[in-house]
Amino acid sequence: MRDFPDHLDLIIVGGGPVGGALALLLAHRGWQVGVLEARQQPAQDSRALAVAHASRQTLAGLGVWPQAAATPIHTVHVSQQQAFGRVKLSDVDLGLPALGYVLPYADLAMAIHARLAEQAGGVHYLTGAQVSGLKSLDGYAVVTVSQGGQERLLTTRLAVLAEGGKLLAGSGIGQSEHDYQQQAVVAEVWSDTPHRGQAFERFALDGPIAMLPKQDHYALVWTRPAHDPLAVLGLPDAAFLAALQDRMGDRAGLLTRVGTRAAFPLRLKWADAHHGRRIAVVGNAAQTLHPVAGQGFNLGLRDAITLARVIAATPPPALGDMDMLARYAALRQRDSLATVGFTDGLIRLFGLESVPVRHLRAAGLLALDNLQPLRRGFAQRMVFGTA
């Protein structure tokens with residue numbers, strides 16, 4: 001830790017995909033940037049990320065796109081159980097090579113870790129760094145960090161919080177939370193029918209199901225009640241596949257095999273502001289979404305892109321001041337509120353199971369599928385966000 005500077009222009013707390021991407025966006029621009037990452041190595045996380053085409057372009061430009069691990073999504077098929085109507089979004093509508101890509105989280109995290117470890121472009125990277133304190137003053141912020149039992153105080157003109165969980169005490173930024181009383185069951189599932197780059201979003205009667213094309217099979221995210229009457233996490237494989245097949249129908253073919261299953265609780269978290277005194281928040285520190293629409297990582301990356309652009313346009317003496325941070329917050333407000341509202345609204349809307357509401361949803365899906373400008377606008381928003 002002795003080689004890590006005592007003072008830096010910016011310190012990013014969290015070297016995951018969003019925090020790491022922010023550091024790389026700022027590299028070679030003359031700023032002295034530090035990244036503090038709690039892990040020594042990226043976690044062997046089994047989750048898959050839904051990466052929009054626009055996000056893929058950013059990551060490729062930073063040299064951290066693991067092309068061999070990515071599976072393109074060409075179409076997205078959206079439907080609801082026991083009701084007519086469906087919509088099919090296609091990359092053809094937007095003239096893109098793909099709407100997005102399914103990427104193992106671990107592959108992207110490792111690519112960013114390797115790039116940061118090169119210490120290129122003025123980026124200082126410290127792993128195994130436990131941040132325990134943050135204090136904001138008028139001219140700078142103080143970050144308390146320990147590594148291997150050694151504790152240090154670092155100062156910076158701008159501290160950026162990029163880790164999920166709870167915001168650091170001392171940030172002065174509140175955090176709100178809504179518990180969906182749900183869990184996401186994740187697994188890999190095989191079918192007898194090639195996916196051909198098609199993803200499925202199926203709103204079953206007891207929770208949404210996402211099946212994303214991943215290599216020669218699917219990455220499954222099945223939203224279940226927290227106290228699951230089916231107990232799908234512990235079902236024998238044959239019973240699990242039968243329950244999933246019952247809800248999916250034959251859209252993805254005959255489901256033949258399921259891999260190891262895991263589950264995690266689902267909560268919506270959002271920071272009360274995108275900034276505080278000498279502090280900005282990005283990624284999961286700003287908002288943690290329900291995975292139903294696959295927008296969490298893409299929204300967080302747009303936070304990082306916007307902050308990097310604001311910093312690039314800021315004269316050095318004004319880095320981290322309130323006017324600069326207010327500009328960043330104002331630029332992120334619309335996209336953040338719209339994406340959080342859209343994702344949360346989907347869960348609430350498809351959680352209503354009265355017959356009239358089901359018919360209204362079906363009519364909406366039919367309209368979206370049959371009106372090309374409406375369908376194109378919806379797909380464009382999913383890929384590029386809300387400007």
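Each remark here, short or long, concerns the structure printed above.
Quick look at the structure, then.

What counts as what
Residues numbered from 1 in each chain as written. Predicted model: local features only at pLDDT ≥ 70, side-chain atom pairs only at ≥ 80, totals over all residues. Heavy atoms only, no water. Helix = DSSP H or I, 4+ residues; strand = E, 2+ residues; numbered from the N terminus. Rg over C-alpha atoms; globule rule 2.2 N^0.38 Å. Buried < 20%, exposed > 50% of the residue type's maximum accessible area, 1.4 Å probe, protein only. Contact = heavy atoms within 4.5 Å. Areas by Shrake-Rupley, 256 points an atom, 1.4 Å probe, with all protein chains shown as cover. Lys, Arg positive; Asp, Glu negative; His and termini not counted. Charge placed at Lys NZ, Arg CZ, Asp CG, Glu CD. Pairing = 2+ DSSP bridges. Axes fitted to C-alpha atoms, helices over the stretch in contact; angles between N-to-C directions. Parallel < 35°, antiparallel > 145°, perpendicular 65-115°, else oblique. Left-handed = near helix turned anticlockwise from the far one by under 90°. Nonpolar A, V, L, I, M, F, W, Y, C, P; charged D, E, K, R; others polar. Core = buried A, V, L, I, M, F, W, Y, C linked by side-chain atoms within 4.5 Å. Salt bridge = Lys/Arg side-chain N within 4 Å of Asp/Glu carboxyl O. Phe/Tyr/Trp six-rings, centres within 6.5 Å; stacked < 30°, edge-to-face > 60°. Expected span 1.5 Å × (residues − 1). Arc of directions from axis to C-beta.

A few points about the overall build of the protein
Right, on to step 1. In terms of helices and strands, the protein carries nine helices and 20 strands.
Right, on to step 2. Taken over C-alpha atoms, the radius of gyration comes to 22 Å for the protein, in line with the 21 Å a tight globule of 387 residues would show.
Right, on to step 3. The dimensions of the protein, computed from C-alpha atoms along their principal axes, are 60 × 40 × 35 Å.
Right, on to step 4. Per-residue burial for the protein yields a buried fraction of 55% across its 387 residues.
Right, on to step 5. Of the contacts made within the protein by residues no fewer than 6 positions apart, 72% connect residues no fewer than 24 positions apart.
Right, on to step 6. For the protein, the exposed area adds up to about 16400 Å²; of that, 55% sits on carbon and sulfur atoms.
Right, on to step 7. Averaged over its 35 positive side-chain charges, the protein has a centre that lies 3 Å from the centre of its 31 negative ones.

So, the pairing of strand β12 (residues 175-191)
Looking along a regular strand, one sees side chains alternate from face to face of the sheet.
Right, on to step 1. Sheet analysis places β12 next to strand β17 (residues 262-271), joined by ten bridges and oriented antiparallel. What sits directly across from Q175, in β17, is A271.
Right, on to step 2. Relative to strand β15 (residues 217-225), β12 is paired through eight bridges, and the arrangement is antiparallel. For Q182, the partnering residue across the bridge sits in β15 and is P225.
Right, on to step 3. Of the strand pairs in this sheet, β12 and strand β16 (residues 255-258) are connected by three bridges, and their pairing is antiparallel.

A word on the packing of helix α7 (residues 322-349) against helix α9 (residues 372-384)
Right, on to step 1. The geometry of α7 relative to α9 is characterised by a closest axis approach of 12 Å and an angle of 115° between their N-to-C directions. Taken together, α7 and α9 sit at an angle that is classed as roughly perpendicular. In this structure, α7 crosses over α9, and the sense of that crossing is left-handed. The residues of α9 that touch α7, namely those facing A338, T339 and F342, are F378, R381 and M382.
Right, on to step 2. Across the contact of α7 with α9, the residue classes tally to four nonpolar, one polar and one charged.

Quick word on helix α1 (residues 17-26)
Right, on to step 1. Among the ten residues of α1, ten are classified as buried, and the element is accordingly described as predominantly covered.
Right, on to step 2. Turning to α1, its buried residues are P17, V18, G19, G20, A21, L22, A23, L24, L25 and L26.
Right, on to step 3. Just past α1, the residue H28 takes up positive phi, approximately 65°.

Quick notes on the sheet that holds strand β7 (residues 100-104)
Right, on to step 1. Here three strands make up an open sheet; going across it, the order is β3-β7-β4 and the pairing antiparallel. Both outer strands of the open sheet, β3 (48-52) and β4 (71-73), are each paired with one neighbouring strand and no more. With strand direction ignored, the average angle separating the axes of adjacent strands in the sheet is 30°.
Right, on to step 2. Inspection of the sheet shows β3 paired to β7 by five bridges, in the antiparallel sense. Residue pairing across strands places V51 opposite Y101, the latter belonging to β7.
Right, on to step 3. Sitting on the sheet, helix α4 (residues 105-117) touches β3 and β7, and the angle it makes with β7 is about 80°.

Some remarks on the nonpolar core
Right, on to step 1. The biggest cluster of nonpolar side chains holds 48 residues, and the ones touching the most others in it are L158, L307 and I311.
Right, on to step 2. With eight residues, the single largest contributor to this core is helix α6 (residues 296-312).
Right, on to step 3. Core analysis: the next-biggest nonpolar cluster, separate from the first, contains 24 residues, L96, Y180, L289 and V292 among them.

Things to note about the pairing of strand β9 (residues 130-136)
Right, on to step 1. Pairing between β9 and strand β10 (residues 141-147): six bridges, direction antiparallel. In the strand pairing of β10, S136 is matched with A141.
Right, on to step 2. Counting the residues between successive antiparallel strands, the hairpin from β9 to β10 contains four residues.

Focus on the pattern of salt bridges
Right, on to step 1. By the definition in use, this model includes 19 salt bridges.
Right, on to step 2. Linking R224 and D228 is a salt bridge whose minimum nitrogen-to-oxygen distance equals 2.7 Å. Here R224 matches D228 in class, with each residue buried.
Right, on to step 3. Within this structure, D206, R224, D228, D246 and R247 form a network of salt bridges that share partners.

Observations regarding the packing of aromatic side chains
Right, on to step 1. Applying the stated criterion across every chain yields a total of three aromatic pairs.
Right, on to step 2. For the ring pair W65 and Y101, a centre distance of 5.5 Å and an interplane angle of 75° mean the geometry is edge-to-face. Placement of W65 in the loop between α2 (53-61) and β4 and of Y101 in strand β7 is noted, with a sequence separation of 36 residues between them. For the pair W65 and Y101, one class covers both residues: buried.
Right, on to step 3. Seen in terms of ring centroids, W222 and F240 are 5.4 Å apart; in terms of plane orientation they differ by 65°. Their pairing is edge-to-face.

Some remarks on α4
Right, on to step 1. In a regular helix each residue adds 1.5 Å, so 13 residues correspond to 18 Å; α4 covers 18 Å between its end C-alpha atoms and thus fits that length.
Right, on to step 2. If you check which residues of α4 are buried, you get Y105, A106, L108, A109, I112, H113 and L116. One face of α4 carries all of its buried residues, which in axial projection span an arc of 165°.
Right, on to step 3. Where α4 terminates, the next one or two residues include Q119, which has phi positive at roughly 55°.

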